[in-house]
Amino acid sequence: MNSLVISVLGDADAGSALALLGRVSLGFSLGLLGVLLLRRPLRAWLGAQGQYSLWALPPLMALALEAAPALAAQASGAEALQLPAVVMVLQAWSEPARGLWHAAVQAWLAGSLPVAAPALLLAWAVGVLGLGLWAGVQHRVYRRRLRPGPGLWWAPAGSSPALLGCWRPRLVLPQDFAQRFSAEERELVLAHEQGHAARHDNALRALAWGLAALQWFNPLVWLALPRLRQDQELACDAQVLARRPEAWPVYAQALLKAQGLSSAVPPLATAWQSTHPLIERIAMLKKMNRLSLASSTSSPASHLRRHGGLALALSLAVASLGVSAALSTGGQTEAPQDTAAKPESAKTYCHQMARPEIPELNIRGEFVLTARFSIDASNQVKVLSLQGDERLQPAVRRAIESYQCSTGKKKLVEAMQEFRFRFD
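Within each chain, residue numbers correspond to sequence positions counted from 1 in written order. With pLDDT at 70 or above as the cut-off, local features in this predicted model cover only qualifying residues; side-chain atom pairs require 80 or more to be listed or tallied, and sums for whole chains, interfaces and linings still use all residues. The basis for every side-chain value is the complete set of non-hydrogen atoms in the structure, without hydrogens or water.

Q: Describe the sheet that holds strand β11 (residues 412-423), with residues and values.
A: The pairing criterion for strands is at least two bridges between them, as found by DSSP. What counts as a helix is a DSSP run of H or I of at least four residues, what counts as a strand is a run of E of at least two, and both are numbered from the N terminus. As summarised here, the arrangement of the four strands in space is β6-β11-β8-β9, forming an open sheet in which the pairing is mixed. The open sheet is flanked by β6 (344-345) and β9 (381-387), the only strands paired with a single partner. Relative to β11, β6 runs parallel, the two being bridged by two bridges. Note that in β11 the partner of serine 345 across the bridge is methionine 416. Packing against the sheet, helix α13 (residues 393-401) makes contact with β8 (365-376), β9 and β11, and its axis sits at approximately 155 degrees to β9. The contact criterion used is simple: two residues touch if any of their non-hydrogen atoms lie within 4.5 Å. Think of each axis as a best-fit line through the C-alpha atoms, taken over the contacting stretch in the case of a helix, with angles from 0 to 180 degrees between the N-to-C directions.

Q: Describe the packing of helix α6 (residues 183-198) against helix α9 (residues 248-258), and please don't skip the residues or the numbers.
A: Viewed as axis vectors pointing N to C, α6 and α9 meet at an angle of 85 degrees, and their least axial separation amounts to 9 Å. When the interaxial angle is binned, α6 and α9 end up roughly perpendicular. Judged by residue contacts, Glu184, Glu185, Leu188, Val189 and His192 of α6 engage Val250, Tyr251, Gln253, Ala254 and Lys257 from α9. Counted by class, the contact of α6 with α9 contains five nonpolar, two polar and three charged residues. Oblique is the label for every angle not falling under 35 degrees (roughly parallel), over 145 degrees (roughly antiparallel), or within 65 to 115 degrees (roughly perpendicular). Polar here means any residue outside two lists: the nonpolar Ala, Val, Leu, Ile, Met, Phe, Trp, Tyr, Cys and Pro, and the charged Asp, Glu, Lys and Arg; Gly therefore counts as polar.

Q: I'd like a description of the sheet that holds strand β5 (residues 269-271), backed by residues and values.
A: Pairing is mixed across the open sheet formed by five strands, whose spatial order is β1-β2-β4-β3-β5. A single partner strand is all that each edge strand has here, and the edge strands are β1 (147-149) and β5. In this sheet, adjacent strand axes meet at a mean angle of 30 degrees when their direction is disregarded. One ladder, built from four bridges, connects strand β2 (residues 152-155) with strand β4 (residues 170-174); its direction is parallel. Within β4, the residue paired with tryptophan 153 across the bridge is valine 172. The strands touched by α6 within the sheet are β3 (162-164), β4 and β5, with β3 carrying the most contacts at an inclination of about 30 degrees.

This is a description of form; function is not addressed.
If you want it as structure tokens, here you go:
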């Protein structure tokens, strides 16, 4: 008796998902590179709070590059799109590179993708799930070390003060908090942690960790994540000292006393003892003190400094969206009829797909058949082409013609499907 294995899941689905992940990763990586290159110069210009808001750039860049093809598709139908000279030069320069990239992708699709894409997606999903479980275990282990107190958690002596939780964060204090820090130092430490709570920094850490888990294969993510936490601590330092600029020596003394404390907190918590180099952090405190004394926190210049990083991130994201869409338009306006006729996965329109009934055949081995068919407004299915072993084509054709499909609001669509058979 012949054994039969049929793949009714279109490989285009896995390929499309992998392509989406690749586009998002590209935009995210470009945003991370921008932040890593600009964070120090911007900190000197805008201050710690303004520079910290630049971290909005990576997700904005990812959204911009993902939205660019849709914008380009709309622009391709517009009349005589007039592009700036710089973009036209970029189009001309990118044509050869885009052609080579398209040829490489097509070769990959025709070769190893049917096997590689599902395996890569499975590996990505396992990585995301594994990091999520690891974060959950870290949170549970840390939480078991704490003891409840009046509106806070008590940690073992020698631990760092921290803030735990995203939506309703609670303060975590070591049992020797009063003995280790003076009254004024305790007041500044509490102001620092309250600043984290007011700025929803733990929720932002949760978002950053979630994005890092989705991009676990990207080395730039793990290079950027500790720097995000460092910038978060510096921004909170700046917020506290902007209100009490005269207290920076006491603040620096509290940082010195925190050295040696255990700062092992889960990813969704902030600790007073930062991983930021202590000497650099104290130097930043001196600089922030001078800036606070030189300008009022309510002045227009101060507001511009605090929000300058976010304004720059938005500007860069919008600029990348426009350039990416313009570059995409150049390749789409030349042959719109080809892109319109590109078939989609059969699963997109067909909700019931019968398995081919193969008669007894005296054959052995593996066979692949590729079918292309149309679905009209009355939901009638018509096979347009069928490639593969002729002995298997009649059964595949009958199965396709029995599909239950719907085009929705479209008048005519084309779909494709790949069938895999193995006979032992």
